[in-house]
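Listed below are the residues making up each chain.
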Amino acid sequence: MDISTPLRFDHDQLKLLYFENLELLSDFQTKLREQILPNVVDELELNDEDTRMAKRVAHGRSIFRMLKVNIIITRPQEVETMRTTLLWRITNLPVIPSTYGPADLLYCLPPPAHDVLDRPILILRPASLNDFSDSIKDYLLYVIENLRAHLQDINSSLRDCSEYPVLQYIIIIDMTNVSLRSMNVDLLGWYIREIVPRFPGLLGAVFMINYTWTHAGLWNFAKRVLPENALSKVFFPSMEALYDVVPLSSLPQDYGGRLPLLKDLPNILGVPANPSSPAVPPRTDSDYPPRYSHPKPAAATQISPRSRYNPFFGYPVMPTSSRSGSFVPHLHHGRQRKRDLVRTLAVLWWERWKTSITLSLLLLLASCIVRIANRRRHLTR
């Protein structure tokens, strides 16, 4: 399935929203500069350097990303939302991170790399976080603020708000070597709860690649609680489908593109990283299927109902084509049947107790043989 069509539709809708609300954006910039910002400066007793930082944080395009989700609410609510967000950013964003992060966690590909809608490209390798704790939050805050500032730098050449700016990134998340056991659920919850509301709209699309059945199954559960606007941005494409959105000229060789290897590309974020931090081992061609296409199971029967890769453990599954052109496992019978549950419980019970039961039966059989032999001996006497 062509995933570029829904992406282009969302992009056009955002562009339309931007131009329809230019007057609102201009008015709010004035209000921010003349009312909200001075109030925050006085409240926090900011020095000159912190005041300059606050002005950078309160940039016009950042304001639009915050307002675009609140276009229909009242002006007092908008003011309070902006004031609260501004206070949070000033008091929480580190000038220099107190902790280091992995060097190969996040890459921002250098220009002119972009998708078909001219948006910058991020590549995230979550496996780099396997050996990091919650202490990395400070570093992640620093990185995300750098991403916001980078968009501001990209748009610095625009003369005024009448020119459409670059408002969003796309991100490719490489799930290689990411296991459910190593996933930091608390860190993910912190990102959704604390970061997304304060940095809204930074990502225009999320592409999950090199994922397993387990990751796809986890997504089946996650999408039941995520809002529709978030769901519409997440795709599980094959590499061929990804190439329709991101040209090969804008992808590193690691993913079948024509750019140098990711490790040889400059990371324009320029964030500090711990030189001794654990890194994902360099990957070879054997880590990828031919032409870097994403592996798909040939048939549902290849996945056992009791396989650890089955997201519906205990129930038969079959691959079903998703809207992104990839295949996601679904229940073979469309529901969780009781007979499948009983069969699975019986098998698990047998696997748990078969050794004890077998030994008990052998002992019982041996006891019976001994008793029969004793009876025959008594009868012959």
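Residues numbered from 1 in each chain as written. Predicted model: local features only at pLDDT ≥ 70, side-chain atom pairs only at ≥ 80, totals over all residues. Heavy atoms only, no water.

The protein chain goes by CRAL-TRIO domain-containing protein in an unreviewed UniProt entry, where it is assigned to Bondarzewia mesenterica.

(A) Local environment of the pairing of strand β4 (residues 203-209). Of all seven residues that make up β4, six are buried, and the element is covered over most of its length. Bridge count for strand β3 (residues 169-174) against β4 is six bridges, and the pairing is parallel. When the sheet's bridge partners are listed, I170 is paired in β4 with A205. (Buried < 20%, exposed > 50% of the residue type's maximum accessible area, 1.4 Å probe, protein only. Helix = DSSP H or I, 4+ residues; strand = E, 2+ residues; numbered from the N terminus. Pairing = 2+ DSSP bridges.)

(B) Layout of the nonpolar core. L106, L122, L140, Y169, I195, F199 and M208 are the most contacted members of the largest nonpolar core, which has 35 residues in total. Counting residues per element, this core draws most heavily on helix α6 (residues 137-154), which supplies seven residues. Every residue in contact with L140, bar those within four places of it in the chain, is listed here: L105, L187 and W190. Judged by nonpolar contacts, the second largest core, of 25 residues, contains L117, F207, M239 and Y255. (Core = buried A, V, L, I, M, F, W, Y, C linked by side-chain atoms within 4.5 Å. Contact = heavy atoms within 4.5 Å.)

(C) Just the environment of E145, in detail. Here E145 shows up in helix α6. Judged by relative accessible area, E145 falls into the buried class, the value being 14%. In terms of polar contacts, E145 uses its side chain to reach the side chain of R148, at 2.7 Å. (Polar contact = N/O pair within 3.5 Å; in protein donor to acceptor, adjacent residues only side chain to side chain.)

(D) Structural detail: the pattern of salt bridges. Scanning all chains against the criterion turns up seven salt bridges. The residue D340 makes a salt bridge to R337 at a minimum N-O spacing of 3.0 Å. R337 carries the same exposure label as D340, and that label is buried. With a shortest N-O distance of 2.9 Å, R343 and D340 are connected by a salt bridge. On the criterion of helical spacing, the pair formed by R343 and D340 is a turn pair, its members being three residues apart in helix α11 (residues 338-380). Since its relative accessible area comes to 44%, R343 is described here as partly exposed. (Salt bridge = Lys/Arg side-chain N within 4 Å of Asp/Glu carboxyl O.)

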